[in-house]
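Chain residues, written in single-letter form:
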Amino acid sequence: KPLVFSGVQPTGNLHLGNYLGAIRKFVALQEHHDCIYCVVDLHALTAQLVHDDMPGQIRSITAAFLASGIDPKNHIVFNQSAVPQHAELAWIFNCVARIGWMNRMTQFKDKAGKDREQASLGLYAYPSLMAADILVYRATHVPVGEDQKQHLELTRDIAMKFNLDFVEQIRRTGYGIDITVGEEPVHAYFPMVEPLIEGPAPRVMSLKDGTKKMSKSDPSDLSRINLMDDAETISKKIRKAKTDPDALPSETDGLKGRPEADNLVGIFAALSDRTKEDVLNEFGGQQFSVFKPALVELAVEVLSPVNGEMRRLMGDTAYIDGVLRDGGERARARAEKTMKEVRDIIGFVQ
Ligand code: AQP
């Protein structure tokens, strides 16, 4: 089975963007893939070092995974810091990646803000740790929102450079695999990862501004739907969401230049597992006064069970911690196998 890896940071409340861009896809992939899902707590230190309730944040992401339908027995759910091999491989990747590559990362530019000199070195090296998260399992498929596309391209660049720099050692140790990159056959150690970004809402936008990503760090809570919002709050936020005065178009072409309408139609499509075309077949020509209540009903129907189960699970800390411990052990065994081979390839005495 193809190996899937993805992670979510334990920073702040999960929102609809995290759910549709990532977690819902995690759930769907379980049927035909071997999946490893990680609460990336080491990444959470990059933007803010000290967190008031780190254990609570880690448990709440774990609860969201489980409440959404991730099966921790047949797959792996764990927190990143429990597997030190991620950080070990990240160090090696820091020496593989070039500063010029990191300088192009738009997420660093956005998150570092104006005073870049004050950003942590960890924030700068974030994509290198992300590459290690994935490649320490030699995973091939990574479900993420569109904002992570650039980091996955960098992951491929890091894998490729490692493979080429160590090509002789990979051959000598016999750990390599034959892959094709484009049309080219390559003898490689790390595979080329495939981002899984598709779907009707790869980038869920703010409810207050259709040109801005829905994000945990937006100061306005009205800009996002949180996974922990109750039905009344979801309804209020959707009713207050910014729109334009026109009726919905009957074809997706008509959504061009209407970012808020496009966003709400995309959310409706993703929540109902339909295409935007299909949603517009039903609602084309209707006003937002008709569409918004239908979206409220759908969002509440999909999110309420997740919300309820998350609350229940968060009351059962022993269970959550048990899931993380068990997942951590299994992840560690797999990651150590890779690291033993990587140390051999590099030539470390062990
Ligand atoms: N708006 C979004 N639309 C679609 N997918 C999204 N993701 C995040 N925002 C959207 C996806 O969620 C997964 C987990 O993301 P993360 O843990 O890296 O958190 P983040 O990207 O830092 O989340 P935010 O809300 O975007 O935080 P801030 O405010 O810090 O920028 C990833 O797969 C991501 O693509």
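Under an unreviewed UniProt entry, the name given to the chain is Tryptophan--tRNA ligase, and the organism recorded is Ciceribacter selenitireducens ATCC BAA-1503. The Subcellular location (unreviewed entry) comment attached to the chain in UniProt states, word for word, "Cytoplasm". The UniProt entry for the chain carries the following comment under Catalytic activity (unreviewed entry): "tRNA(Trp) + L-tryptophan + ATP = L-tryptophyl-tRNA(Trp) + AMP + diphosphate + H(+)".

Engineer: Where do I start with the domain arrangement of the chain in this structure?
Structural biologist: One frequently used descriptor of interface size is the decrease in accessible area upon assembly of the parts. Looking at the assigned domains, one finds that the chain contains domain 1 (3-200 + 317-346) and domain 2 (221-313). For domain 1 and domain 2, the distance between their C-alpha centroids amounts to 30 Å. Facing 15 residues of domain 1, the contacting portion of domain 2 comprises 15 residues. If you list the elements that add at least two residues to the side of domain 1 that touches domain 2, you get α1 (16-29), α2 (54-68) and α13 (317-346). For the side of domain 1 that touches domain 2, the leading source of residues is α2, giving five residues. Looking at the side of domain 1 that touches domain 2, its residues break down into eleven nonpolar, four polar and no charged.

Engineer: Whenever I open this one, the environment of D218 confuses me. Can you help?
Structural biologist: Inspection of the secondary structure puts D218 in the loop between β7 (194-196) and α9 (231-240). We classify D218 as partly exposed; it has 17 C-beta atoms within 10 Å. When residues no more than four places from it in sequence are discounted, the contact partners of D218 are S206, S223 and R224.

Quick notes on the rules
Residues numbered from 1 in each chain as written. Predicted model: local features only at pLDDT ≥ 70, side-chain atom pairs only at ≥ 80, totals over all residues. UniProt positions renumbered as here; feature names shortened; annotations may be inferred. Domains from an automatic or database assignment. Contact = placed C-beta atoms within 7 Å. Helix = DSSP H or I, 4+ residues; strand = E, 2+ residues; numbered from the N terminus. Nonpolar A, V, L, I, M, F, W, Y, C, P; charged D, E, K, R; others polar. Buried ≥ 20, exposed ≤ 12 C-beta atoms within 10 Å, placed from the backbone.

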